[in-house]
Structure formats: C-alpha cells, structure tokens
Amino acid sequence: MHSDMRFSGHLVALRLATTRIADTFFTWGLRNGERGRAVSRNKDPIPWERHLAWFKAFTEVHGQALYIVDIPAMQGLRIGTGRIHHVDQDDCEISYMLSEAATGQGVGTWLVAQLCKKASHFHYANVIAEVQPDNLTSCHVLEKNGFHLESTNTSDLIRYQKSLA
Ligand SMILES: CC(C)(COP(=O)(O)OP(=O)(O)OC[C@H]1O[C@@H](n2cnc3c(N)ncnc32)[C@H](O)[C@@H]1OP(=O)(O)O)[C@@H](O)C(=O)NCCC(=O)NCCS
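As the structure is a computational prediction, the values presented were derived from the model and not from experiment. (Residues numbered from 1 in each chain as written. Predicted model: local features only at pLDDT ≥ 70, side-chain atom pairs only at ≥ 80, totals over all residues.)

Caption draft 1: A look at the site of the ligand. As a structural note, the neighbourhood of the ligand is formed by 22 residues, with T103, G108, T109, L136 and H140 the closest of them. Looking at the shell around the ligand, the elements with two or more residues in it are α2 (34–39), β6 (91–98), α4 (107–121), β7 (126–131) and α5 (136–144). Counting residues per element, the shell around the ligand draws most heavily on α5, which supplies six residues. Classifying every residue of the shell around the ligand gives nine nonpolar, eleven polar and two charged. (Near = placed C-beta within 6 Å. Helix = DSSP H or I, 4+ residues; strand = E, 2+ residues; numbered from the N terminus. Nonpolar A, V, L, I, M, F, W, Y, C, P; charged D, E, K, R; others polar.)

So, in structure tokens, the structure goes:
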C-alpha cells in the first residue's frame, strides 16, 4: 500500500488536529451528522460546548491523538478524521470517519494504515477497532489492513485486532 494518497489528483495529508475553531467545528459536524451518529456508541447529538470540552480533554491524555485528514493543495480542505485512543500500555483503539464525498476511493484504507503507523510510533503493541457488524465497508478496510476478527462483545460491536510486533 502506498504511503502517498491522492484525492481528486491532490495529495491527502494526515495532521494533528488543533483546538482552533475550524478543526473543532469540522469534527463536531462529522460526529453529529447522520453517519457519525450511526457509528457512535452514544447516538445522541453532542452539544457544541460538550464537544469542545471533550476535544480538549481527549488530546490532553498521553498516548492519544486526534488527526485531521485534509488536502493541502485545496486550501486544506478537511475530508476526514482519525483518532488513537489509549486503552492501556500495550493497546490502543482507533476510530475514523470520512466526509461522505471522500468515501469509496481508497482514503479509508490509507487512513487506517496511517493510524497504525502512528500507533506504532506511540509504541503500542496492538491496535483494536470496534465496528458494528453491519458496517461491512469498515470491516473490509480493517481486514485489508491486516486486522483479524477477535471477538463479538456484549455491546453488539465486533472487535478487530492487529499486532504491531
Ligand atoms: C469506513 C470508511 C472510513 C471507509 O472509507 P472509504 O474511503 O470508503 O474506504 P476505501 O475506499 O478505502 O475502501 C472501501 C472498501 O470497502 C469495500 N466495500 C464497500 N462497500 C462494501 C460492502 N457493503 N461490503 C464489503 N465491502 C465493501 C470497497 O469495495 C473497498 O474495498 P476494495 O478497495 O477492496 O474494493 C468510510 O466509509 C466512513 O467514513 N464511514 C463512516 C464512518 C465509519 O464507519 N467509521 C468506522 C467506524 S469504526
């Protein structure tokens, strides 16, 4: 899999999110949209103030990171987001989402690969991803990235795992 990814002919980048309004607003919009709520554990819309507090608290935890997928050559057009959540010293969990217009062209597969690379830089040994069983696109993207089905857990999510060793 190439580390360079192009969308509409332009290179796609992954960068750390900032607490400036544009990144917080973009991630809030993705989370609260129909697709974002559908894949979230908590399906309720998140009020803006709560999102701001969550965003700040999330990025302050050591071993966690929130990234923005954007296109530098298109004035930094934001097309997605990815997160690394700290679980314990060895394990992290990833989550990711693209704007609908950016799907179906390989960016999701590339994004999961980039998140695994970042997790490796954080010295995690394993990456976990929990997915709704009917989210076949996400299951396929994880499998293409070398994840293996680990278990079906009590919250009706299926758990994929990849060893970075
Ligand atoms: C999951 C998501 C990131 C995938 O991004 P994407 O850019 O569309 O993914 P890609 O184009 O890299 O790959 C999609 C793959 O799924 C396949 N696919 C699409 N629909 C599918 C289906 N119903 N069943 C099986 N495979 C499917 C595609 O054929 C493609 O595989 P291929 O490259 O081998 O042909 C994107 O759909 C998204 O943001 N979804 C909403 C949020 C979400 O589900 N997040 C994950 C929660 S854990």
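Caption draft 2: Focus on the environment of T59. Inspection of the secondary structure assignment puts T59 in helix α3 (residues 48–60). Those residues in contact with T59 that lie beyond four places of it in its chain are Q64 and L66. (Contact = placed C-beta atoms within 7 Å.)

Caption draft 3: Just the sheet that holds strand β4 (residues 65–71), in detail. One open sheet holds the seven strands; their spatial order is β3-β4-β5-β6-β7-β9-β8, and the pairing between them is mixed. The two strands at the open ends of the sheet, each matched to only one other strand, are β3 (13–16) and β8 (148–152). Neighbour to neighbour, the strand axes of the sheet diverge by 30° on average, direction disregarded. Its contacts with the sheet place helix α1 (residues 21–32) against β4, β5 (77–86) and β6, and it is angled at close to 80° to β5. (Pairing = 2+ DSSP bridges. Axes fitted to C-alpha atoms, helices over the stretch in contact; angles between N-to-C directions.)

Caption draft 4: Representation of the packing of α1 against α3 within the structure. Look at α1 against α3: their axes get within 10 Å of each other, and the N-to-C directions meet at 115°. Put simply, α1 runs roughly perpendicular to α3. Judged by the sense of rotation from one axis to the other, the crossing of α1 with α3 is right-handed. For the pair α1 and α3, contact is made by T24, T27 and W28 and by W48, H51, L52 and F55, respectively. Each residue belonging to the contact of α1 with α3 can be placed in one class, and the counts come to four nonpolar, three polar and no charged. (Parallel < 35°, antiparallel > 145°, perpendicular 65-115°, else oblique. Left-handed = near helix turned anticlockwise from the far one by under 90°.)

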